[in-house]
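Remarks on the overall topology
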Amino acid sequence: MQCVGSWSREKHDLLRRYLSASGGPRRRYLPPAPGGAAFIDIFAGPGRARIRTTGALEDGSPLLALKQPVGFTRLVLCEIEPENLDSLRRRVAGAQVPVSILEGDCNDRIADVAAAIPQWGLNVALVDPYSLEGLSFDTIATLARFKRMDLVVFFPVAEIKRNLERNRVTYTALLDRALGTDEWQRTVARKGDVLKLVEVFRRQLQERFGYTTARARTAPIKNDKNVPLYHLVFASKHALGDKIWESITRRTVGGQGELF
Ligand SMILES: C[S@@+](CC[C@H](N)C(=O)[O-])C[C@H]1O[C@@H](n2cnc3c(N)ncnc32)[C@H](O)[C@@H]1O
């Protein structure tokens, strides 16, 4: 079990609502249709989480995907920690659909992840590392090359704000790797500029892989003091994906209306 902050509830709530709202379009890719639909989770975790402050238990992202009424034809999961892998395997053991679990660093195993994804399917990938160190644009690019691959990417703005000026050299290298370009260095110098990084990330997905950009907002996930810890960035190549994300981010788990 992973101990997480209370903000995790909001992340899981958004993911659950997105997976549920996208069930209609996904249904058209399920058997007897040939396309298929995979849920890809390259930082999968152990499958359950405990909220540190309240002790409450909640399903982790792979179980949220498995419990969807309109489900997937396959789950493709990757996890690096052996203990988490054991728990994850136990928790998905009774699944009705095939679950590929890959062990190790997802950035090394991404070709194996890609090999398990239905090429013509309607796929969605969650990229949810603990910190910027896990994010690699090359890895995301392997997923983004699929024709239909919605992306939900964790972007750790608070960590970057804390470190950009203090650990300049390290964070410059980490950001170059996460964004796949050093173009951000021209516009982002101070911690107040950090949200511009999300725009650079979106632009990369648009220019290199045909993602649409303008419409879908990011969802800031805030800590107990109302400070954004990270933004969940959603990207789709289809206007319908943006529309679904728009509709679910209008209301957060706490009933908050507008996210910006
Ligand atoms: C934030 S947690 C994932 C939580 C999960 N997505 C959920 O919502 O239930 C990040 C997970 O990624 C794993 N991890 C960290 N670095 C990794 C890497 N390079 N490759 C694969 N897994 C990694 C960690 O062990 C941890 O379980």
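Report follows, based on the coordinates.

About the thresholds
- Residues numbered from 1 in each chain as written.
- Predicted model: local features only at pLDDT ≥ 70, side-chain atom pairs only at ≥ 80, totals over all residues.
- Axes fitted to C-alpha atoms, helices over the stretch in contact; angles between N-to-C directions.
- Helix = DSSP H or I, 4+ residues; strand = E, 2+ residues; numbered from the N terminus.
- Parallel < 35°, antiparallel > 145°, perpendicular 65-115°, else oblique.
- Left-handed = near helix turned anticlockwise from the far one by under 90°.
- Contact = placed C-beta atoms within 7 Å.
- Nonpolar A, V, L, I, M, F, W, Y, C, P; charged D, E, K, R; others polar.
- Expected span 1.5 Å × (residues − 1).
- Buried ≥ 20, exposed ≤ 12 C-beta atoms within 10 Å, placed from the backbone.
- Near = placed C-beta within 6 Å.
- Core = buried A, V, L, I, M, F, W, Y, C linked by C-beta atoms within 7 Å.

1. What to know about the packing of helix H1 (residues 7-21) against helix H10 (residues 239-249)
For the pair H1 and H10, the least separation of the axes is 10 Å and the interaxial angle reads 135 degrees. By the angle between their directions, the pair H1 and H10 is classed as oblique. H1 and H10 meet at a crossing whose hand is right-handed. Contact with H1, carried on its side by Leu14, Arg17, Tyr18 and Ala21, involves Ile244, Trp245, Ser247, Ile248 and Thr249 of H10 and no other residues of that element. Looking at the contact of H1 with H10 residue by residue, the class counts come to 6 nonpolar, 2 polar and 1 charged.

2. Side note on helix H9 (residues 195-209)
End to end, H9 covers 21 Å across 15 residues, agreeing with the expected 21 Å (1.5 Å per residue, within 8%). Among all positions of H9, only Leu197, Val200, Phe201, Arg202, Gln204 and Leu205 are buried. Contacts from the buried residues of H9 go to helix H6 (137-144), strand S8 (149-155), helix H7 (157-163), helix H8 (168-179) and strand S10 (228-235). Remark: glycine 210 follows H9 within two positions and exhibits a positive phi of approximately 75 degrees.

3. Here's the deal with the site of the ligand
The immediate surroundings of the ligand are formed by 20 residues, with Phe43, Gly45, Gly60, Ser61 and Ile80 found nearest. For the shell around the ligand, the secondary-structure elements that each account for two or more residues are strand S5 (74-79) and helix H5 (106-115).

4. Considering the nonpolar core
Of all hydrophobic cores here, the largest spans 68 residues; its most connected members are Leu75, Ala125, Leu151 and Leu197. Residue contributions to this core peak at 6 residues, all from S8. If sequence neighbours within four positions are ignored, leucine 197 has contacts with Ile160, Leu175, Leu179, Trp184 and Val188.

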